[in-house]
Amino acid sequence: MADRSTNGFFYFFLAIVLVSMAAISSDALSTTFYDKACPEALPTIKKVVADAVNREGRMGASLLRLHFHDCFVNGCDGSVLLDSTSTIDGEKTALANNNSIRGFEVVDRIKSEVDRVCGYQVVSCADILAVAARDSVVQLGGQTWNVELGRRDSTTARRTDANNALPAPFMDLPALKTNFENAGLDETDLVALSGGHAIGLSQCTKFKVRIYNDSNIDTSFAANLKPMCPSSGGDTRLSPLDPTPTKFDTQYFRNLVKQRGLLHSDQALFNGVSTDALVRKYSTNAGAFAADFGKSMVKMGRNRPLEGNSGQIRLNCRRIN
């Protein structure tokens, strides 16, 4: 006959299994998904993100970008994190990602800490990206939003799909609208989410053509950029996407109104087009921008997530189980 300690361990283990089954059987995202399965999950993610961003302000933009680049390629499924193998053509080397996306070590640290406090693997890498994106924005002065959770992780990645799905810095407005529509997002989402360029840096190769060839650019702005981004060479040199790259504010939109958007795709939002009015609104109304940005992030996070028994909960975000 089992003693009480054995019975106690059995019922504790059973409870863990039942909670885990309840978590993975959900067929809809929820803001309370981990409240019972692991109430310390979100506070732990927030703590690691805060530490990483405090160490390097640029990391906030990098973590936000990881979630964005994950969701645009076959949905929000953590595929962007997978390393290439003999059977997986990883997205890290796609045109928009190669030598550009970063923050993988921070995600590794989050995953390790979350699994430790939870006691088992219950939080997906895809959900970690969604929460880390929100926490990064908040850490850099932006407003919070309620992140919907319950995604599971993909068991594959496709570099070709990433090449086709991710928006390019050279796109004009019609191409951008089509690109966002393919991800289930409308024109308001396009402008609001482009406001993510309120933080972070861009490589010279992404805006070189603009500062030398575009006509819809402030001449003094272009002139100031040319010494650090010469017409030949210097492709990997970095410039802020707006004057306050570690502060999540509306300076990005104010720059667009002044024809000082760094990327061609940025200025395409304010160029005598249908999105001009929304850019003007955000440039003077920080509250409206913050509200719409949060709504659009939630909407983007609903793009074809793996739920229920689909996919897996990875033990390591860089490889499948």
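None of these values were measured; they are calculated from a predicted model.

**Section: the overall build of the protein chain**
Part 1 of the reasoning: Counting its regular elements, the protein chain contains 14 helices and two strands.
Part 2 of the reasoning: Here the C-alpha radius of gyration of the protein chain, 21 Å, is about what a compact globule of 321 residues would show, namely 20 Å.
Part 3 of the reasoning: Taken along its principal axes, the extent of the C-alpha atoms in the protein chain is 85 × 45 × 35 Å.
Part 4 of the reasoning: The proportion of buried residues among the 321 residues of the protein chain is 51%.
Part 5 of the reasoning: Sequence separation of at least 24 residues holds for 75% of the intrachain contacts in the protein chain that already meet a minimum separation of 6.
Part 6 of the reasoning: Of the roughly 14600 Å² that the protein chain leaves accessible, carbon and sulfur atoms contribute 51%.
Part 7 of the reasoning: Mean positive and mean negative side-chain charge positions of the protein chain (36 and 34 charges, respectively) differ by 4 Å.

**Observations regarding the side chain of Asp127**
Part 1 of the reasoning: Along the chain, Asp127 falls in helix α5 (residues 125-139).
Part 2 of the reasoning: We classify Asp127 as buried; its relative accessible area is 1%.
Part 3 of the reasoning: Polar side-chain contacts of Asp127 include one of 2.5 Å to the side chain of Tyr34.
Part 4 of the reasoning: Setting aside anything within four residues of it in sequence, one finds Asp127 in contact with Tyr34, Leu149, Gly150 and Arg151.

**Things to note about the packing of aromatic side chains**
When we look at a pair of aromatic rings, we describe it by the centre distance and by the angle of the planes.
Part 1 of the reasoning: Overall, the coordinates contain twelve aromatic pairs when judged by the stated rule.
Part 2 of the reasoning: With 5.0 Å between their ring centres and 80° between their planes, Tyr252 and Phe253 make a pair best called edge-to-face. A single burial state applies to Tyr252 and to Phe253, both of which are buried.
Part 3 of the reasoning: Counting every residue linked through ring pairs, the aromatic cluster contains Trp145, Phe248, Tyr252, Phe253, Tyr282, Phe289 and Phe293.
Part 4 of the reasoning: Directly above the aromatic system of Phe104 lies the positively charged group of Lys92, at a separation of 4.1 Å from the ring centroid.

**Quick word on empty space enclosed by the protein**
Part 1 of the reasoning: Considering all chains together, one arrives at two cavities of 30 Å³ or more under this definition.
Part 2 of the reasoning: The computed volume of the largest cavity comes to approximately 60 Å³.
Part 3 of the reasoning: Every residue along the wall of the largest cavity is listed here: His67, Ala130, Trp145, Val147, Glu148, Arg151, Met297, Val298 and Gly301.
Part 4 of the reasoning: Of all the elements, helix α14 (residues 286-301) adds the most residues to the lining of the largest cavity, at three residues.

**Quick notes on the UniProt feature "active site" (unreviewed entry) in the protein chain**
Part 1 of the reasoning: Per the UniProt annotation, the sites labelled "active site" (unreviewed entry) are His69.
Part 2 of the reasoning: Along the chain, His69 falls in helix α3 (residues 58-71).
Part 3 of the reasoning: Judged by relative accessible area, which is 8%, His69 ranks as buried.
Part 4 of the reasoning: Non-local contacts of His69, meaning those with residues more than four positions away in its chain, are made with Val80, Ala96, Asn97, Ile101 and Leu166.

**Some remarks on the layout of surface pockets**
Part 1 of the reasoning: A volume near 750 Å³ is recorded for the largest pocket.
Part 2 of the reasoning: Looking at the largest pocket, it is lined by 36 residues, and the ones nearest its centre are Arg65, His69, His197, Leu241 and Leu263.
Part 3 of the reasoning: Contributing elements (two or more residues each) for the lining of the largest pocket: α3, α7 (173-181), α8 (187-194), β1 (201-203), α12 (264-267) and α14.
Part 4 of the reasoning: The greatest single-element share of the lining of the largest pocket, amounting to seven residues, is contributed by α3.
Part 5 of the reasoning: For the lining of the largest pocket, the per-class residue count stands at 20 nonpolar, eleven polar and five charged.
Part 6 of the reasoning: For the lining of the largest pocket, the two domains that each supply at least three residues are domain 1 (40-166) and domain 2 (173-298).

Rules behind the numbers
Residues numbered from 1 in each chain as written. Predicted model: local features only at pLDDT ≥ 70, side-chain atom pairs only at ≥ 80, totals over all residues. Heavy atoms only, no water. Helix = DSSP H or I, 4+ residues; strand = E, 2+ residues; numbered from the N terminus. Rg over C-alpha atoms; globule rule 2.2 N^0.38 Å. Buried < 20%, exposed > 50% of the residue type's maximum accessible area, 1.4 Å probe, protein only. Contact = heavy atoms within 4.5 Å. Areas by Shrake-Rupley, 256 points an atom, 1.4 Å probe, with all protein chains shown as cover. Lys, Arg positive; Asp, Glu negative; His and termini not counted. Charge placed at Lys NZ, Arg CZ, Asp CG, Glu CD. Polar contact = N/O pair within 3.5 Å; in protein donor to acceptor, adjacent residues only side chain to side chain. Phe/Tyr/Trp six-rings, centres within 6.5 Å; stacked < 30°, edge-to-face > 60°. Lys NZ or Arg CZ within 6 Å of the ring centre and 35° of its normal. 1 Å grid on protein atoms, 1.4 Å probe; cavity = no way out; pocket = protein on both sides within 12 Å on 5 of 7 lines; lining within 4 Å. Points joined across faces, edges and corners; volume = space filled by probe spheres on them. UniProt positions renumbered as here; feature names shortened; annotations may be inferred. Nonpolar A, V, L, I, M, F, W, Y, C, P; charged D, E, K, R; others polar. Domains from an automatic or database assignment.

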